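Read off the chains here:
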Amino acid sequence: MTLYRDEGVVLRTHKLGEADRVVVLLTKGRGKVRAVAKGVRKTKSRFGGRLEPPGHVSLLMYEGRDLHTINQAETVDHYRSLREDLDRMTDALAIVEAVDQVAQDGEPNAPLFRMLTGALRALGEAPERPALLLGAFYWKLLALEGVTPMLNECAVCGAGDVVAFDFVEGGALCRQHRRGPAVDAAVLDLVRRILGGGLTGVLAEPASPATAAASALGTSALEAHLERRLWAVHLLGH
Ligand SMILES: [Zn+2]
């Protein structure tokens, strides 16, 4: 069996047998992998609480055909401030849930790994919970998937005066072709800034009806893209 080193973020876990757990990780080098953590559910497990979402760990693993086996796991970042703040933890779990949906087994995706660790760090380090971090992450995830909605003109006819947004129709829509929720210029401007390199400024925006609307739009766009609802978002009421 080949032993290898990698680092990864825990996306989710489930029980295996009496004492073991399957840990699904997004790794830096190998994309999404499933690995067994033996004895992890015993009180004196050598892994402690490190292998819980959204833990960022450095790993020593045995390669397996379907399931790898975790030999060592050392914490890279505890995201302690996330664990002490329920709202931020909820955002973090929604982020790893979305990544789990998008990531492919065994296919390295360096930009996705960078985005994930960057978002978790930003979420943990910001003095106030950034109102638009989760929404912005969803928009950036869609962009990474190669999905770019129309924001400046009607996705159906090209008219410049847009009043609504429907992801399935291709983005912003004019009065004549309107479908989906109404949007105003402030909301579309936020989305434009998220996708156009203005993310840092957007994350500093205080919570407002526009940040809430841009965030909700990002969630429904990603949901439409994934064709399923993101349980973490809805379960926890965000
Ligand atoms: Zn139109």
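Here, every reference points to the structure presented above.
Residues numbered from 1 in each chain as written. Predicted model: local features only at pLDDT ≥ 70, side-chain atom pairs only at ≥ 80, totals over all residues. Heavy atoms only, no water.

**Q** Is there a simple way to explain the side chain of Ser215 in this structure?
**A** Inspection of the secondary structure puts Ser215 in helix 7 (residues 209–226). A relative accessible area of 15% means that Ser215 is categorised as buried. (Helix = DSSP H or I, 4+ residues; strand = E, 2+ residues; numbered from the N terminus. Buried < 20%, exposed > 50% of the residue type's maximum accessible area, 1.4 Å probe, protein only.)

**Q** Quick question: what am I supposed to make of the packing of aromatic side chains here?
**A** Two aromatic rings, taken as a pair, are described by how far apart their centres are and by the angle between their planes. Here the structure, examined in full by the defined rule, presents 1 aromatic pair. Arranged with centres 5.9 Å apart and planes meeting at 85°, the rings of Trp139 and Phe165 form a pair that is edge-to-face. Taken together, the positions of Trp139 in helix 4 (residues 133–144) and Phe165 in strand 6 (residues 162–166) put the pair 26 residues apart, joining distant regions of the chain. For Phe165, a relative accessible area of 3% gives the class buried. For the cation-ring pair, Arg30 lies above Tyr4, with the distance from its terminal atom to the ring centre recorded as 3.5 Å. (Phe/Tyr/Trp six-rings, centres within 6.5 Å; stacked < 30°, edge-to-face > 60°. Lys NZ or Arg CZ within 6 Å of the ring centre and 35° of its normal.)

**Q** How should I be thinking about the sheet that holds strand 3 (residues 31–37) in this particular structure?
**A** Backbone hydrogen bonds hold the strands of a sheet together, and the pairing may be parallel or antiparallel. A barrel is described by the order of its strands in space; here 5 strands give the closed sequence 1-2-3-5-4, paired in mixed fashion. In this sheet, adjacent strand axes meet at a mean angle of 50° when their direction is disregarded. The sheet contact formed by strand 1 (residues 3–16) and strand 2 (residues 20–27) spans 8 bridges and is antiparallel. Opposite Leu16, over in strand 2, you have Asp20 as the bridge partner. Across the sheet, helix 2 (residues 86–102) is in contact with strand 1, strand 2 and strand 3; its angle to strand 1 comes to roughly 105°. (Pairing = 2+ DSSP bridges. Axes fitted to C-alpha atoms, helices over the stretch in contact; angles between N-to-C directions. Contact = heavy atoms within 4.5 Å.)

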